[in-house]
Amino acid sequence: MRDHTIAKNHRKTLIIILVVAAVYFVTGFLGLSLISTSPGYATPIWIPSGIALGAALIWGLRTLPGIFLGSFLVNYYVSTNPAIYLGSSTAFFIGCIIATGAVLQTLAGWYLIKKFIGLENHLYYPIDILLFAFLSGPLASIVNSTWSNTALFFLNILSAKQYLLAWLTWWIGDSIGVLIFTPLFLILFAQPRIIWQTRIIPILFPLGFSFCAVIIIDLIANSSGIKDHLWSVLAVGLLFCVLINIILFIIQGQKYILQKSVKIQTNALKFEEAKNLLILRAAGEGIFGVDNDGQITFINPAAAKMLGYEEKELLGKSLTSLVQPNRRMQERPQAPINILVQSNKLYHNRNEIFRRKDGTCFSADFIISPLVDGKKTIGNVIVFNDITQQIEMEHNLEKMAHYDALTGLPNRISFLQKLNAALDLAKFNQRVIAICFIDVDNFKQINDSLGHGIGDEILKAIPTLLKPELTKMDYLARLGGDEFAVILENVISIDSIKLTLQRFIERLSRPIKIDHHEIMTSLSIGVATYPIAGKTTDELIINADIAMYKAKEFGKNTFAFFDEEVSKQVRRTNKIDSEMHNAFLNEEFSLVYQPFIDVKTFQLLGFEVLLRWQNPILGEISPKEFIPLAEKNGMINKLGTWVLKKASYDYQQITTNFKDHSLLLSINVSVIQLENEKFLSKIKNILNISNMNSNNLIFELTETSIMQHPDKTIKIMHDVKKLGIRFAL
């Protein structure tokens, strides 16, 4: 199959070569016969040069052998003509030389066009046409005229005086032949035919007519015996044909470019129209157009679907019939949509109410855009979306951002906004307001013992219990966790604040029933009043929080007002807390051993270990102050371990001094220490290192601390007692 294809291609190439050779010979023979004039045997037009280049441009360089053969035959024929017979061998040699020149000239023209224009160029643009004419004609024709005339000169066929004239006439003939017949050859045979055949009538016919007219004039002149200056006249006539050819090519090219541009623009408009129609019908937004009277002129499916109509039902319908007359009130009044349409201005609104066919309404976000034709507004386009769900979602997000999900109360953000507004109003009216921070006592224990579900139910019950004691001007919020806050704006006196807070406490003094549980809880409330306890939002919040912690120090289930005394106490507490972290490094803690004696026998029974703290700034600090703080900040375990190690070490020295190894050692232990999972292992380790008899060790606990987690605490006490250690309450 492959060999068959190769053979077929070879046959096709051979046919092309023979056809090109034949056409070259025939046109050359006719040219010499019909329009050959002096000087020499050169013609004003050498048709084969145009045929040769045209064939090479269409069928490629495989035509070169045909060009060589055709040129050889023509020139051999001329050289053996009886009028200028040069001999067979000389004629053969001259034929080969000139045929080689014809091939080189064709190759030069083909290369120049390929490099500077492109073989696939269809010659539409003037610059391409002029460049093609220059490269293929005058420039490429220099090759053969120079090559062949130089060879004839060295063969003594041309004299030095004849050389320049022969070169010029040869160059002119080849140039004119290329400039006229290469374009004609392309018009007749070049591909694609749909492009080149459009030039047959507008270019080929006028050019052919002009060429024939020149030839006829030449024949008439020859037959009449008119010879003077005939070659020059004929050359000028043929150059006129060349000029006509170039002009017609340029005109036809410009016509094609214009037609192509119009076609591209037409197709672009059609495409844009189809695209716009597709977008209009595929768009998810509702789109409809109205004229200057507010009548609907077009509508897309999305708009018809949102409004509950068929598209044809809405055409010609008034825009005002789609808008709900009783729109929701807005912060700034808005003109009716029909007025906005007539204003011929771009307008965007997010709060229009559109009415469906069934009478139901929806919120719409819409944009009105004027439809302009030139400088005249011919209507408007309205693009809208149903944003009902979006508005509902925004409302829900707003609620989530400003309200507590569990209790439904305003959250910290809303509380701060309300406090700022209330404070501004109080400053303006010169009135007193009170900020109350409320903390649910022992809430952590409730959560730990009964579960977070019960804890949540208690938090939900708080607003129900407190709201009846508040006025419409008061504001209750949940700040987070078990902390609530109240803004009392309608303050008559400090006593009125105390009365309200006392009622809060009384309401929480009764058990809260949740499922089968009756839970007792209480409130610790801190109060800061404007302007006594603070004049800014931050001052009031900080001071109310300080007062709340003071209420807890009073024993919980009470309230406390912020004053300077409270502030001093809180500042001292904070200072103690911060100094405690450096107390270990600075070795500020020490132990004092207080003996206890049998009151009957006055016998020394042992020693009670008392922890002391001497701070260089605060002086001696009472355990009543720093032990509760250590329990809160987590340092109680570190402090308790240090006491156990130090006391067990000192015990060995004490018993040695008193020569009594049965003396008891009593140490105060925090329940928080006892509940630490490493407490038991620490005791064992300390007893092993100190060699202390565990039967001589007593841990003292308070009854109230045991009752916080009685079951857990008692279990740990049993584990400790197994070591031989006793407990005292």
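In what follows, the structure referred to is the one given above.
Remember, predicted model here, so these are calculated numbers, not experimental data.

Focus on the overall build of the protein
- Helices and strands together make up the secondary structure of the protein, namely 26 helices and 18 strands.
- Counting every position in the protein, which comprises 729 residues, the buried fraction comes to 44%.
- Put simply, 64% of the contacts in the protein that link residues at least 6 apart link residues at least 24 apart.

Regarding the pairing of strand E1 (residues 286-290)
- Counted residue by residue, E1 has 5 buried out of 5 residues, so it is predominantly covered.
- Across the two faces of E1 the burial is the same, with Gly286, Phe288 and Val290 and Ile287 and Gly289 all buried.
- In textbook terms, the turn of a hairpin is the stretch between consecutive antiparallel strands, and for E1 and strand E2 (residues 296-299) this stretch comprises 5 residues, one of which, Gly294, has a positive phi near 85°.

Some remarks on the sheet that holds strand E6 (residues 433-440)
- The strand order E7-E8-E6-E11-E12 describes an open sheet built from 5 strands, whose pairing is mixed. In this open sheet, the two edge strands, each paired with only one partner strand, are strand E7 (475-480) and strand E12 (558-561). Geometrically, the sheet is characterised by an average inter-axis angle of 20° between neighbouring strands, direction not taken into account.
- In this sheet, E12 lies alongside strand E11 (residues 523-530) in parallel orientation, the contact comprising 4 bridges. If you follow Ile525 over to E12, its bridge partner there is Phe559.

Focus: unusual backbone geometry
- The amide bond that connects Gln191 to the next residue, Pro192, takes the cis arrangement and shows omega of -5°.
- The topology assignment puts Pro192 in the loop between helix H7 (160-189) and helix H8 (193-196).
- Residue Pro531 is reached from Tyr530 by a cis peptide bond, and omega for that bond is 5°.
- When you line up the elements, Pro531 lands in the loop between E11 and helix H19 (537-553).
- Even without being a glycine, Gln430 presents a positive backbone phi close to 55°.
- Within the secondary structure, Gln430 sits in the loop between helix H15 (412-429) and E6.
- The backbone phi angle of Glu587 is positive, close to 55°, even though this residue is not glycine.

Thoughts on the nonpolar core
- Ranked by size, the top nonpolar core spans 49 residues in total, and within it Ile67 and Ile180 carry the most contacts.
- Counting residues in each nonpolar core, the second largest holds 42 residues, with Met580, Ala630, Val643 and Ile686 among its members.

Regarding the side chain of Ser648
- Structurally, Ser648 can be placed in helix H22 (residues 636-658).
- A relative accessible area of 5% places Ser648 in the buried class.
- Polar contacts involving the side chain of Ser648 include one to the main-chain carbonyl oxygen of Leu644, which spans 3.0 Å.
- If we skip the residues at most four places from it in the chain, Ser648 touches Ile686, Ser690 and Met692.

Quick notes on the packing of aromatic side chains
- Within the structure shown, the criterion is met by 25 aromatic pairs.
- On the numbers, 6.2 Å between centres and 45° between planes, the contact of Trp59 with Phe189 is tilted. Placement of the pair is Trp59 in helix H2 (residues 47-59) and Phe189 in helix H7, with a sequence separation of 130 residues.
- For Trp59, a relative accessible area of 29% corresponds to the partly exposed category.
- Each ring, one from Phe607 and one from Phe658, has its centre 5.6 Å from the other, and the planes form 55°; the classification is tilted.

Here's the deal with a nonpolar patch on the surface
- A contiguous nonpolar surface patch, about 330 Å² in accessible area, is contributed by Leu14, Leu18, Leu69 and Leu73.
- Of all the elements in the fold, those that place two or more residues in the nonpolar patch are helix H1 (2-35) and helix H3 (64-79).
- With respect to the helices and strands, Leu73 occurs in helix H3.
- Note on Leu73: relative accessible area 35%, which makes it partly exposed.

Thoughts on the pattern of salt bridges
- A full pass over the atoms with the stated rule returns 16 salt bridges.
- Across the pair Lys575 and Glu579 runs a salt bridge, and its minimum N-O distance is 3.3 Å. Placement of the pair is Lys575 and Glu579 together in helix H20 (residues 564-583), with a separation of 4 residues, close to one helical turn.
- One salt bridge connects Asp719 with Lys715, and the closest N-O pair in it is separated by 3.7 Å. With Asp719 and Lys715 both in helix H26 (residues 710-721) and 4 residues apart, this pair spans about one turn of that helix.
- Through salt bridges that share partners, Asp439, Asp441 and Lys552 make up one connected network.

The rules behind the values
- Residues numbered from 1 in each chain as written.
- Predicted model: local features only at pLDDT ≥ 70, side-chain atom pairs only at ≥ 80, totals over all residues.
- Heavy atoms only, no water.
- Helix = DSSP H or I, 4+ residues; strand = E, 2+ residues; numbered from the N terminus.
- Buried < 20%, exposed > 50% of the residue type's maximum accessible area, 1.4 Å probe, protein only.
- Contact = heavy atoms within 4.5 Å.
- Pairing = 2+ DSSP bridges.
- Axes fitted to C-alpha atoms, helices over the stretch in contact; angles between N-to-C directions.
- Core = buried A, V, L, I, M, F, W, Y, C linked by side-chain atoms within 4.5 Å.
- Polar contact = N/O pair within 3.5 Å; in protein donor to acceptor, adjacent residues only side chain to side chain.
- Phe/Tyr/Trp six-rings, centres within 6.5 Å; stacked < 30°, edge-to-face > 60°.
- Patch = residues over 30% accessible without salt bridge, like charges linked within 9 Å, V, L, I, M, F, W, Y side chains within 5 Å.
- Areas by Shrake-Rupley, 256 points an atom, 1.4 Å probe, with all protein chains shown as cover.
- Salt bridge = Lys/Arg side-chain N within 4 Å of Asp/Glu carboxyl O.

Spatial relationships are all this shows, so hold off on functional conclusions.
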